[in-house]
Amino acid sequence: NGAATKESESMQQQQQQAPAAGPKYSVGKKLVYKDSQGNMSDAEIVKVHLDDDLVPFYDIKLPDGREKQTDNSHLFEQDQPQPLDVNTQHVNGSAKTLPSPVSIPA
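Position numbers for residues count from 1 along each chain, tracking the sequence in the order it is written. Residue-level local features of this predicted model are given only where pLDDT is at least 70; pairs of side-chain atoms are given and counted only at 80 or more, and the full residue set underlies all totals for whole chains, interfaces and linings. Only hydrogens and water are removed before side-chain values are computed, so all heavy atoms of the structure are retained for them.

**Brief notes about the overall build of the chain**
And step 1. Helix and strand counts for the chain come out as one helix and seven strands.
And step 2. Classification of residues uses two cut-offs on accessible area relative to the type maximum, computed with a 1.4 Å probe and protein chains only: under 20% is buried, over 50% is exposed, and between them is partly exposed. In the chain, buried positions account for 21% of the 106 residues.
And step 3. We call two residues contacting when some pair of their heavy atoms lies within 4.5 Å. If you take every contact in the chain between residues at least 6 apart in sequence, the share linking residues at least 24 apart comes to 33%.
And step 4. What sets the accessible areas is the Shrake-Rupley method with a 1.4 Å probe; for residues, cover comes only from the shown protein chains. Carbon together with sulfur atoms contributes 50% to the accessible area of the chain, which is approximately 8100 Å² in total. Strands are runs of DSSP state E lasting at least 2 residues, helices are runs of H or I lasting at least 4, and numbering of each runs from the N terminus.

Right, dumping it as C-alpha coordinates:
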(Lines give C-alpha, C1' and ligand atoms only; values in the text may rest on other atoms or scores of the structure.)
Protein backbone atom coordinates (compact mmCIF):
# COMPACT_ATOMS: atom_id res chain seq x y z
CA ASN A 1 0.00 0.00 0.00
CA GLY A 2 1.59 3.27 -1.19
CA ALA A 3 -0.15 5.46 1.41
CA ALA A 4 1.08 3.31 4.29
CA THR A 5 4.62 3.39 2.92
CA LYS A 6 4.59 7.20 2.57
CA GLU A 7 3.19 7.56 6.12
CA SER A 8 5.90 5.25 7.47
CA GLU A 9 8.63 7.18 5.62
CA SER A 10 7.23 10.47 6.93
CA MET A 11 7.27 9.17 10.52
CA GLN A 12 10.87 7.98 10.12
CA GLN A 13 11.93 11.41 8.81
CA GLN A 14 10.22 13.16 11.74
CA GLN A 15 11.95 10.86 14.23
CA GLN A 16 15.32 11.55 12.61
CA GLN A 17 14.75 15.33 12.66
CA ALA A 18 13.45 15.48 16.23
CA PRO A 19 16.17 16.24 18.77
CA ALA A 20 16.79 13.51 21.31
CA ALA A 21 15.02 14.32 24.54
CA GLY A 22 17.12 13.95 27.62
CA PRO A 23 17.62 15.40 31.03
CA LYS A 24 18.86 18.97 31.14
CA TYR A 25 20.50 18.45 34.56
CA SER A 26 22.42 15.56 36.12
CA VAL A 27 22.69 14.10 39.63
CA GLY A 28 24.68 16.32 41.97
CA LYS A 29 23.91 19.54 40.07
CA LYS A 30 23.17 22.47 42.40
CA LEU A 31 20.32 24.68 41.18
CA VAL A 32 17.68 27.12 42.32
CA TYR A 33 14.17 25.69 42.76
CA LYS A 34 11.14 27.96 42.29
CA ASP A 35 7.87 26.59 43.67
CA SER A 36 4.37 27.36 42.39
CA GLN A 37 4.08 30.24 44.88
CA GLY A 38 7.24 31.90 43.52
CA ASN A 39 9.37 31.00 46.55
CA MET A 40 12.93 30.17 45.60
CA SER A 41 15.51 28.05 47.39
CA ASP A 42 18.73 26.19 46.70
CA ALA A 43 18.32 22.60 45.54
CA GLU A 44 20.45 19.64 44.49
CA ILE A 45 19.49 16.96 41.96
CA VAL A 46 19.48 13.56 43.69
CA LYS A 47 17.79 11.48 40.96
CA VAL A 48 16.77 11.90 37.31
CA HIS A 49 13.67 10.20 35.85
CA LEU A 50 12.26 9.98 32.33
CA ASP A 51 8.50 9.51 31.97
CA ASP A 52 6.87 7.49 29.18
CA ASP A 53 7.27 10.42 26.75
CA LEU A 54 10.97 10.72 27.69
CA VAL A 55 10.31 14.01 29.48
CA PRO A 56 12.78 14.41 32.35
CA PHE A 57 11.80 15.13 35.92
CA TYR A 58 13.92 15.17 39.03
CA ASP A 59 14.08 14.31 42.71
CA ILE A 60 15.65 17.34 44.39
CA LYS A 61 16.90 17.90 47.93
CA LEU A 62 16.08 21.23 49.57
CA PRO A 63 18.18 22.97 52.26
CA ASP A 64 15.88 21.73 55.07
CA GLY A 65 16.54 18.11 53.99
CA ARG A 66 13.16 17.54 52.31
CA GLU A 67 13.11 15.84 48.92
CA LYS A 68 10.53 16.47 46.23
CA GLN A 69 9.94 15.86 42.55
CA THR A 70 9.96 18.66 40.00
CA ASP A 71 10.60 19.39 36.32
CA ASN A 72 12.79 21.70 34.21
CA SER A 73 10.32 24.58 34.41
CA HIS A 74 10.94 24.95 38.17
CA LEU A 75 14.74 24.68 38.10
CA PHE A 76 17.28 27.36 37.22
CA GLU A 77 21.06 27.58 37.13
CA GLN A 78 22.34 29.46 40.18
CA ASP A 79 24.01 32.09 38.02
CA GLN A 80 21.09 32.30 35.57
CA PRO A 81 19.10 35.54 35.85
CA GLN A 82 15.57 34.93 37.07
CA PRO A 83 12.52 36.66 35.61
CA LEU A 84 11.82 39.69 37.77
CA ASP A 85 8.93 39.25 40.17
CA VAL A 86 8.05 42.34 42.17
CA ASN A 87 6.58 40.12 44.89
CA THR A 88 9.86 38.26 45.53
CA GLN A 89 12.36 39.50 48.10
CA HIS A 90 15.85 37.97 48.22
CA VAL A 91 17.27 37.63 51.72
CA ASN A 92 20.63 36.00 52.54
CA GLY A 93 20.76 33.99 49.32
CA SER A 94 17.18 32.75 49.54
CA ALA A 95 14.03 34.36 48.28
CA LYS A 96 10.71 34.93 49.97
CA THR A 97 7.44 35.90 48.34
CA LEU A 98 5.98 39.10 49.70
CA PRO A 99 2.25 39.78 49.95
CA SER A 100 0.76 41.67 47.02
CA PRO A 101 0.99 45.45 47.37
CA VAL A 102 -2.07 47.21 48.68
CA SER A 103 -3.22 50.38 46.96
CA ILE A 104 -3.86 53.32 49.21
CA PRO A 105 -6.25 55.98 47.91
CA ALA A 106 -4.63 59.39 47.50
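Still more ground to cover, so stick around.
**Things to note about the nonpolar core**
And step 1. In this structure, Tyr25, Leu31, Tyr33, Ala43, Ile45, Tyr58, Ile60, Leu62 and Leu75 together form the largest nonpolar core, which totals nine residues.
And step 2. Elements with a contribution of two residues or more to this core: strand 1 (30-34), strand 2 (40-50) and strand 3 (56-61).
And step 3. Apart from the residues lying within four places of it in its own chain, the contact partners of Tyr25 are Leu31, Ile45, Val48, Tyr58, Asn72, Leu75, Phe76 and Glu77. By nonpolar core we mean a set of buried residues, namely Ala, Val, Leu, Ile, Met, Phe, Trp, Tyr and Cys, connected to one another through side-chain atoms within 4.5 Å.

**Some words on the packing of aromatic side chains**
And step 1. Ring pairs shown here join Phe, Tyr and Trp side chains whose ring centres sit within 6.5 Å, with only the six-membered ring taken for Trp; geometry is labelled stacked below 30 degrees between planes, edge-to-face above 60, and tilted in between. Enumeration according to the criterion identifies one aromatic pair in this entry.
And step 2. Seen in terms of ring centroids, Tyr25 and Tyr58 are 5.9 Å apart; in terms of plane orientation they differ by 55°. Their pairing is tilted. Separated by 33 residues along the polypeptide, Tyr25 in the loop between helix 1 (2-17) and strand 1 and Tyr58 in strand 3 bring together distant segments of the chain.

**Quick word on the pairing of strand 4 (residues 67-71)**
And step 1. We call two strands paired when DSSP finds no fewer than two bridges between them. As paired strands, strand 3 and strand 4 are joined by five bridges and run antiparallel to one another. Among the inter-strand pairings, Ile60 is bridged to a residue of strand 4, identified as Lys68.
And step 2. Adjacent in sequence and paired antiparallel, strand 3 and strand 4 are bridged by five residues, among which Gly65 carries a positive phi angle near 95°.

**Description of the pattern of salt bridges**
And step 1. Any carboxyl oxygen of Asp or Glu that lies within 4 Å of a side-chain nitrogen of Lys or Arg is treated as forming a salt bridge with it. Following the criterion strictly, the structure yields three salt bridges and no others.
And step 2. A salt bridge links Lys30 to Glu44, with the nearest nitrogen and oxygen atoms 3.1 Å apart. You can see Lys30 sitting in strand 1 and its partner Glu44 sitting in strand 2, a full 14 residues away along the chain.
And step 3. Judged by relative accessible area, Glu44 falls into the partly exposed class, the value being 29%.
And step 4. Asp64 is the salt-bridge partner of Arg66, the closest N and O atoms lying 2.7 Å from each other. For the pair Arg66 and Asp64, one class covers both residues: exposed.

**A look at the environment of Lys47**
And step 1. Assignment of secondary structure puts Lys47 in strand 2.
And step 2. When sequence neighbours within four positions are dropped, the list of residues in contact with Lys47 reads Val27, Phe57, Tyr58 and Asp59.

**Concerning the pairing of strand 2**
And step 1. Two strands pair when backbone bridges link them, and strand 1 and strand 2 are joined in this way by five bridges, in the antiparallel orientation. From the neighbouring strand, Tyr33 faces strand 2, where its bridge partner is Ser41.
And step 2. The antiparallel pairing of strand 1 with strand 2 creates a hairpin that spans five residues between the two strands, and Gly38 there sits at a positive phi of about 90°.
And step 3. Strand direction decides the pairing type here: strand 2 and strand 3, joined by six bridges, are antiparallel.

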